[in-house]
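Secondary and tertiary structure notes
Read off the chains here:
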Amino acid sequence: IKYFRLYAENFGLLKYIRFRHHVDHVRQREDFGQSGQWDFTYTDEEKGVTTTEVFDAVMVCTGHHVYPHYPRDSFPGIDDFQGKTLHSHDYKDHVDFVNKRVVIIGIGNSGGDIAVELSRHAKQVYLSTRRGSWVFNRVSRGGLPLDVTATRRILQYCVPSSLKEMVVRFELNQRFDHAMYGLRPKHNFLGQHPMVNDDLPNRIVTGSLIIKHNIKRFTK
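Here goes a summary of the coordinates provided.

Calculation criteria
Residues numbered from 1 in each chain as written. Predicted model: local features only at pLDDT ≥ 70, side-chain atom pairs only at ≥ 80, totals over all residues. Heavy atoms only, no water. Helix = DSSP H or I, 4+ residues; strand = E, 2+ residues; numbered from the N terminus. Expected span 1.5 Å × (residues − 1). Buried < 20%, exposed > 50% of the residue type's maximum accessible area, 1.4 Å probe, protein only. Arc of directions from axis to C-beta. Contact = heavy atoms within 4.5 Å. Pairing = 2+ DSSP bridges. Right-handed = clockwise from strand over helix to strand, strands pointing away. 1 Å grid on protein atoms, 1.4 Å probe; cavity = no way out; pocket = protein on both sides within 12 Å on 5 of 7 lines; lining within 4 Å. Points joined across faces, edges and corners; volume = space filled by probe spheres on them. Nonpolar A, V, L, I, M, F, W, Y, C, P; charged D, E, K, R; others polar. Phe/Tyr/Trp six-rings, centres within 6.5 Å; stacked < 30°, edge-to-face > 60°. Lys NZ or Arg CZ within 6 Å of the ring centre and 35° of its normal. Core = buried A, V, L, I, M, F, W, Y, C linked by side-chain atoms within 4.5 Å.

Over its 15 residues, helix α6 (residues 161-175) extends 21 Å from the first C-alpha to the last, a length consistent with the 21 Å expected when each residue adds 1.5 Å. If you check which residues of α6 are buried, you get Glu 165, Val 168 and Leu 172. Along the axis of α6, the buried residues cluster in a sector spanning 75°; they form a single face. Turned more than 90 degrees away from the buried face of α6 sit Ser 162, Met 166 and Gln 174, all of them exposed. In this structure, the buried side of α6 is in contact with β6 (135-136).

This is the structure in structure tokens:
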């Protein structure tokens, strides 16, 4: 939290942020069809004052990762499992997992990052995935960040989706063969949120990280 506050202070962002303000409702204005504006009503929780302001645009950024999703019902026997279970939301570091056998369930970015880190310290790490994932590198050709090259206008608006799909699959498999590594999914490269991870294939090829299919059940 201290880092975020220092960052906000350094770049003069605090004047644009209103803490402890409750959003009561957001409504389109009567002339929304012409103006595109919104009536935004909020309450200052400290002063108890309710205010309505007009805005040209509204972004809802509640953050879908704020509360961890823990689908224990999807894994029979997990309540009888005598090992330690932990959601990635609560993961801090590798210390408690040194020289242990660890399975990471889910191939999202958090799961990939944790699997890579633990593969350097645990006895053995398994990464369980139902569908696999396309894995992107942070750095693209020529050393430019991936998002710089991937969001060029010519690619966004001038290249057909079918051609983009073919080119991207070719580029990703040039880095490593997703099928050979047990990661090739059935969906298109943007059919689901892709993984961005530089080290995952390196850890798999060393054997310190093993890809497994979806878990059927837990036992004692």
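That was the structure; now back to the text.
Attention now goes to the pairing of strand β5 (residues 124-128). Most of β5 is tucked away, with 5 of its 5 residues classed as buried. Residues Gln 124, Tyr 126 and Ser 128 point to one face of β5 and Val 125 and Leu 127 to the other, with burial holding for every one of them. With 5 bridges connecting them, strand β4 (residues 101-105) and β5 associate as parallel partners. Directly across from Ile 104, in β5, lies its bridge partner Leu 127. Handedness of the crossover is the feature at issue here: the chain leaves β4, passes through helix α3 (residues 109-118), returns alongside β5, and the resulting connection is right-handed. Two elements, β5 and strand β8 (residues 209-212), share 4 bridges in a ladder whose sense is parallel. Each residue of the ladder has a partner; that of Tyr 126, found in β8, is Ile 210.

By volume, the second largest pocket amounts to about 930 Å³. The leading source of residues in the lining of the second largest pocket is α6, at 9 residues. Of the residues that constitute the lining of the second largest pocket, the class distribution is 13 nonpolar, 7 polar and 6 charged.

Okay, the packing of aromatic side chains next. Counted according to the given criterion, the structure contains 11 aromatic pairs. When the ring of Phe 136 is compared with that of Phe 189, the centres are 6.4 Å apart and the planes differ by 50°; the resulting orientation is tilted. Taken together, the residues span a long stretch of sequence, with Phe 136 in strand β6 and Phe 189 in the loop between α6 and β7 (195-196) at a distance of 53 residues. Here the two residues Phe 136 and Phe 189 agree in accessibility, since each one is buried. Every member of this aromatic cluster is reached through a ring pair, and the members are Tyr 3, Phe 4, Tyr 7 and Phe 11. The residue whose ring lies beneath Arg 5 is Phe 19, and the NZ or CZ to ring-centre distance is 5.4 Å. Here Arg 72 stacks its cationic end above the ring of Tyr 70, 5.2 Å away from the centre of that ring.

Position of Met 166 among the secondary structure elements: in helix α6. For Met 166, a relative accessible area of 54% gives the class exposed. In the structure, Met 166 is positioned 22 residues away from Asn 188 in sequence and 9.6 Å away in space, judged by C-alpha atoms.

On to the nonpolar core, then. One finds Ile 104, Leu 118, Leu 127, Leu 183 and Leu 200 to be the most contacted residues of the largest nonpolar core, which totals 21 residues. At the level of secondary structure, the elements contributing two or more residues to this core comprise β4, α3, β5, α7 (200-206) and β8. Broken down by element, this core gets its largest block of residues, 4 residues, from α3. The residues contacting Leu 183, other than those within four sequence positions of it, are Ile 107, Gly 132, Ser 133, Val 135, Phe 176, His 178, Leu 200, Ile 204 and Ile 211. By size, the runner-up hydrophobic cluster in this structure holds 5 residues, among which are Phe 136, Val 168, Leu 172 and Phe 189.

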